[in-house]
Structure formats: structure tokens, C-alpha cells
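Okay, here's what each chain looks like letter by letter:
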Amino acid sequence: MDKLMPAVGGLVGLYAAYKILPVMKQWELIPGMTSDEYKARAATIRYDHYTEGIVYSPYDTGDPIREMPAASAGQMYLRQKGGGWKFQSEM
């Protein structure tokens, strides 16, 4: 019995890992591993917009915002060469 219970515990642990690890990979809970859905989405990202700036959106609708909203124009906070900070609209 002393040698049987560790083996049973090991088998239960392997079964749990067999069931849980695929779900953890799909939900991206394992550091360094990405899901197949993530890889498919990353393949559709266009990296040629780096000269146009970045427009952040709180929601990923699948179609990125390509124009800056009017409320955001002139709101960039810039560091000055001589020190200090100013909004872009103040320059």
C-alpha cells in the first residue's frame, strides 16, 4: 500500500495535466506559449503603419482605427529639449 498510493497519485496528476494543460494553453495562461488563435490573429497584423503613429482603441473589433479621433488631436504630451513637458497643442 505504501508503494501503490504514490503511483495512483502520479497517475491522477498526469490525467489532470492531460485535461488542464490544453485549456491553459488556449487561454494563454502558460508563459511563453501562445494559442493557435493568437498566432492566426498575429499573422493578420500589418506592421507597415509605424510611420503613421498609433491610434489606440479600447476594443479589438478586427478592423483597426486608421484615423485619429478629433478629440485626441493635439493631446500628445511632449518632452522639451531644454527640459519640461508641454502638450502638442501648446507648441
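This text follows the structure it describes.
A closer look at the overall build of the protein chain
Phase 1 of the analysis: Assigned secondary structure in the protein chain consists of two helices and two strands.
Phase 2 of the analysis: Counted from the first residue to the last, the protein chain has its helices and strands arranged as α-α-β-β.
Phase 3 of the analysis: In terms of C-alpha radius of gyration, the protein chain reaches 25 Å, well past the compact-globule figure of 12 Å for 91 residues.
Phase 4 of the analysis: For the C-alpha atoms alone, the extent of the protein chain along its principal axes is close to 80 × 35 × 20 Å.
Phase 5 of the analysis: A sequence separation of at least 24 residues applies to 0% of the contacts in the protein chain between residues at least 6 apart.
Phase 6 of the analysis: Working note: accessible area of the protein chain is about 8600 Å², and carbon and sulfur atoms make up 62% of it.
Phase 7 of the analysis: In the protein chain, which carries 10 positive and 10 negative side-chain charges, the distance between the mean positions of the two groups comes to 6 Å.

Thoughts on the packing of aromatic side chains
Phase 1 of the analysis: With the rule as written, the count across this model stands at two aromatic pairs.
Phase 2 of the analysis: Arranged with centres 5.5 Å apart and planes meeting at 15 degrees, the rings of Tyr-77 and Trp-85 form a pair that is stacked.
Phase 3 of the analysis: Between Tyr-77 and Phe-87, the ring centres sit 4.9 Å apart and the planes meet at 55 degrees, which makes this aromatic pair tilted. Of this pair, Tyr-77 sits in strand 1 (residues 77-79) while Phe-87 sits in strand 2 (residues 85-87), and the two are 10 residues apart along the sequence.
Phase 4 of the analysis: Each residue in the set Tyr-77, Trp-85 and Phe-87 is aromatic and connected to the rest through ring pairs, giving one cluster.

Focus on helix 1 (residues 4-26)
Owing to its 3.6 residues per turn, the α-helix brings residues three or four apart onto one side.
Phase 1 of the analysis: Over its 23 residues, helix 1 runs 34 Å from end to end, which matches the ideal 33 Å to within 8%, given 1.5 Å per residue.
Phase 2 of the analysis: Along its length, helix 1 reaches its greatest deviation from straightness, about 30 degrees, at Ile-20, and the proline Pro-22 lies no more than four positions downstream.
Phase 3 of the analysis: Of the residues one or two after helix 1, Glu-28 is the one with positive phi, at around 60 degrees.

Concerning unusual backbone geometry
Phase 1 of the analysis: The phi dihedral of Glu-28 falls on the positive side, at around 60 degrees, and the residue is not glycine.
Phase 2 of the analysis: With respect to the helices, strands and loops of the structure, Glu-28 is situated in the loop between helix 1 and helix 2 (36-43).

About the thresholds
- Starting afresh in each chain, residues are numbered from 1 along the sequence in its written order.
- Under the rules for a predicted model, residues below a pLDDT of 70 receive no local features and side-chain atom pairs below 80 are neither given nor counted, while totals for whole chains, interfaces and linings still include all residues.
- Heavy atoms from the whole structure form the basis of all side-chain values; hydrogens and water molecules are not counted.
- The way it works is that DSSP assigns letters per residue, a run of H or I at least four long becomes a helix, a run of E at least two long becomes a strand, and they are numbered from the N terminus.
- Taken over C-alpha atoms, the radius of gyration is set against a globule rule of 2.2 Å times the number of residues to the power 0.38.
- Two residues qualify as a contact provided that any one of their heavy atoms is within 4.5 Å of a heavy atom in the partner residue.
- Exposure was quantified through the Shrake-Rupley algorithm and a 1.4 Å probe, taking into account, for residues, occlusion by the shown protein chains and nothing else.
- The sign given to each residue is positive for Lys and Arg and negative for Asp and Glu; His and the chain ends receive no count.
- Taken as the charge location is NZ of Lys, CZ of Arg, CG of Asp or CD of Glu.
- Centre distance within 6.5 Å is the pairing criterion for rings of Phe, Tyr and Trp, where only the six-membered ring of Trp is used; planes under 30 degrees apart are then read as stacked, over 60 as edge-to-face, and the remainder as tilted.
- Here the expected span of a helix is defined as 1.5 Å times the quantity of residues minus one.
- Fitting axes to the seven residues ending at a residue and to the seven starting there, one defines the bend at that residue as the angle between these axes.

The analysis is restricted to geometry; functional conclusions fall outside its scope.
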